[in-house]
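Examining the three-dimensional arrangement
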Amino acid sequence: MDDIQESIDDFQHEFSKGAAASLRRTLFEIDPNSLRLNEARSEIFHSIGAKQLYVLHRGRLDVQLPIAFLCTRVSKSTEQDWSKLKRVLKFLKGTLDNCITLGADDITVMQTWVDASNAVHNDMKSHTGGTVSFGRGSIMSKSSKQKLNTKSSTEAELVGASDYLPYAIWAKKFLEQQGYDIRENLFHQDNKSTIQFEKNGRKSCGPNSRHIDIRYFWIKNRLELDGFNVVYCPTEQMLADFFTKPLQGTLFRKLRAVVMGHAHIRTLLSIEDKSASVNPLTVAPPGLAKERVGRNEREVCGNRKQGQKVSFELNPDGRATDGEKSQATTTTKRRSPVIARSYADVARKSTRKVAVVSKSVQRMLLTL
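Residues numbered from 1 in each chain as written. Predicted model: local features only at pLDDT ≥ 70, side-chain atom pairs only at ≥ 80, totals over all residues. Heavy atoms only, no water.

1. Considerations on the overall build of the chain
- When helices and strands are counted, the chain shows 11 helices and 7 strands.
- Residues classed as buried in the chain amount to 47% of the 368 residues present.
- Sequence separation of at least 24 residues holds for 71% of the intrachain contacts in the chain that already meet a minimum separation of 6.
- Accessible surface, the chain: about 19100 Å² in total, of which carbon and sulfur atoms supply 50%. (Helix = DSSP H or I, 4+ residues; strand = E, 2+ residues; numbered from the N terminus. Buried < 20%, exposed > 50% of the residue type's maximum accessible area, 1.4 Å probe, protein only. Contact = heavy atoms within 4.5 Å. Areas by Shrake-Rupley, 256 points an atom, 1.4 Å probe, with all protein chains shown as cover.)

Quick look at the structure:
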């Protein structure tokens, strides 16, 4: 607590109230026009960042992601970075009395969560996050920028798994040396393609994945040697998202409570899995799945603004009419419409893409 208060005093700003979250959605965005800090403020920025690194590893894991990012900005800190640091200190000011609570339901059952945010940094590198828990609170965690560029989210998560797996292996071997043999060792991931890579290694490689360096397939051998059981975890319940994505609102509070030990890890199951009850005829195709990164929870396969609706009226053959195309163009104000595979195209294994399937096509498919 003293180190936090010292950092707040060094910042030389009067905080009238706290902040709801330690970061904004724009955490990873960098404004090239933002002014560089002068030498004096740059040194303060560096000093506070170093102090918070010390603090977060000793009890304040809820600021690990913003501090990890700001540490990459020390040599080129700007007014925008100063504002992000101010947000962190404002949050800490309002939660000075918070502390981490650690507990174990069964010391022989270890659970690990690993995730990665693809190409979120300004140089298009991804961000790795991971954590280990035995029931209450995060025993150890990691949040860091990846060292290499990746070409897909699957590859990014594979690299992230290889980055964090040594931590989980160390924890397992440390406990074994204390006389506690791990009976159940769960390794949670939310990308099914990555899970196949980790289980099958080269057997799951296709023409689009052979470029992945062979060194990352040591994961398969280590998972088998150390008895890890790789399991699928719905994205909404992925605890490692707290260390990779600038979450906001209810999700931030729920995951923070689990990380800090204020809530048991079983409360993750109460977070709704939106993919569990999907009706393929009433919802958008999987290509429209949201990624919780950046300014506005952008939709991965399109660049329309949040809340805008784009729909095409389809002919029986699955093509959009010319009138509806022009209407969609007007609706989006000359922005490219979101595109995704229609179910008619998927059935014919075509590469033609359209927007959300209209109700008329849904009725047609039901009659087939």
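2. Examining the confidence of the model for the chain
- With 70% of its residues at a pLDDT of 70 or more, the chain shows a mean pLDDT of 78.
- In the model, residues 275-357 has pLDDT below 50 throughout and makes 120 contacts with residues more than four positions away in sequence or in other chains. (pLDDT = per-residue confidence, 0-100.)

3. Things to note about empty space enclosed by the protein
- Per the stated rule, a full pass over the model turns up 2 cavities of 30 Å³ or more.
- In this model, the largest cavity occupies a volume close to 50 Å³.
- Its residues placed into classes, the lining of the largest cavity shows 7 nonpolar, 2 polar and 2 charged.
- The volume enclosed by the second largest cavity comes to roughly 40 Å³.
- Along the walls of the second largest cavity sit Phe-45, His-46, Gly-49, Ile-67, Leu-70, Cys-71, Val-74 and Leu-85, which together make up its complete lining.
- The set of elements that each furnish at least two residues to the lining of the second largest cavity consists of α2 (39-56) and α3 (64-71).
- Residue composition of the lining of the second largest cavity, by class: 6 nonpolar, 2 polar and no charged. (1 Å grid on protein atoms, 1.4 Å probe; cavity = no way out; pocket = protein on both sides within 12 Å on 5 of 7 lines; lining within 4 Å. Points joined across faces, edges and corners; volume = space filled by probe spheres on them. Nonpolar A, V, L, I, M, F, W, Y, C, P; charged D, E, K, R; others polar.)

4. Some thoughts on helix α4 (residues 79-94)
- Look at α4: 23 Å from first C-alpha to last across 16 residues, which is about the 22 Å you get at 1.5 Å a residue.
- Among the residues of α4, Gln-80, Asp-81, Trp-82, Lys-84, Leu-85, Arg-87, Val-88, Leu-89, Phe-91 and Leu-92 are the ones counted as buried.
- On its buried face, α4 sits against α1 (2-11), α2, α3 and α8 (249-259). (Expected span 1.5 Å × (residues − 1).)

5. What to know about the sheet that holds strand β7 (residues 229-232)
- Within the open sheet, the 5 strands sit side by side as β5-β3-β2-β6-β7. Their pairing is mixed. Where the open sheet ends on each side, the last strands, each with one partner, are β5 (140-145) and β7. Adjacent strand axes in the sheet meet at a mean angle of 20 degrees when their direction is disregarded.
- Pairing of strand β2 (residues 109-117) with strand β3 (residues 127-133), which is carried by 7 bridges, proceeds in the antiparallel orientation. (Pairing = 2+ DSSP bridges. Axes fitted to C-alpha atoms, helices over the stretch in contact; angles between N-to-C directions.)

6. Some details on unusual backbone geometry
- Residues other than glycine seldom take positive phi values, yet Gln-12 does so here, at roughly 60 degrees.
- Mapped onto the secondary structure, Gln-12 falls in the loop between α1 and α2.
- You will see that Met-124, though not glycine, has its phi angle at about 65 degrees, which is positive.
- Looking at where Met-124 falls in the secondary structure, it is placed in the loop between β2 and β3.

7. Let's talk about the packing of helix α6 (residues 192-200) against helix α7 (residues 218-225)
- At their nearest, the axes of α6 and α7 sit 6 Å apart, and the two run at 70 degrees to each other. Overall, the two elements α6 and α7 adopt an arrangement that is roughly perpendicular. Facing α6, whose interface residues are Glu-198, Lys-199 and Asn-200, α7 presents Ile-219, Lys-220 and Leu-223.
- Here the residues of the contact of α6 with α7 sort into 2 nonpolar, 1 polar and 3 charged. (Parallel < 35°, antiparallel > 145°, perpendicular 65-115°, else oblique.)

8. Some words on the pairing of β3
- Burial runs high along β3: 7 of the 7 residues are buried.
- Neither face of β3 is left uncovered, since the one carrying His-127, Gly-129, Thr-131 and Ser-133 and the one carrying Thr-128, Gly-130 and Val-132 both have all their residues buried.

9. Concerning the packing of aromatic side chains
- Applying the stated criterion across every chain yields a total of 9 aromatic pairs.
- An aromatic cluster is defined as three or more aromatic residues linked by ring pairs; in this entry it consists of Phe-91, Phe-242, Phe-243 and Phe-252.
- The residue whose ring lies beneath Arg-41 is Trp-82, and the NZ or CZ to ring-centre distance is 4.4 Å.
- In this structure, Lys-192 packs its charged tip against the face of Tyr-232, placed 4.9 Å from the ring centre. (Phe/Tyr/Trp six-rings, centres within 6.5 Å; stacked < 30°, edge-to-face > 60°. Lys NZ or Arg CZ within 6 Å of the ring centre and 35° of its normal.)

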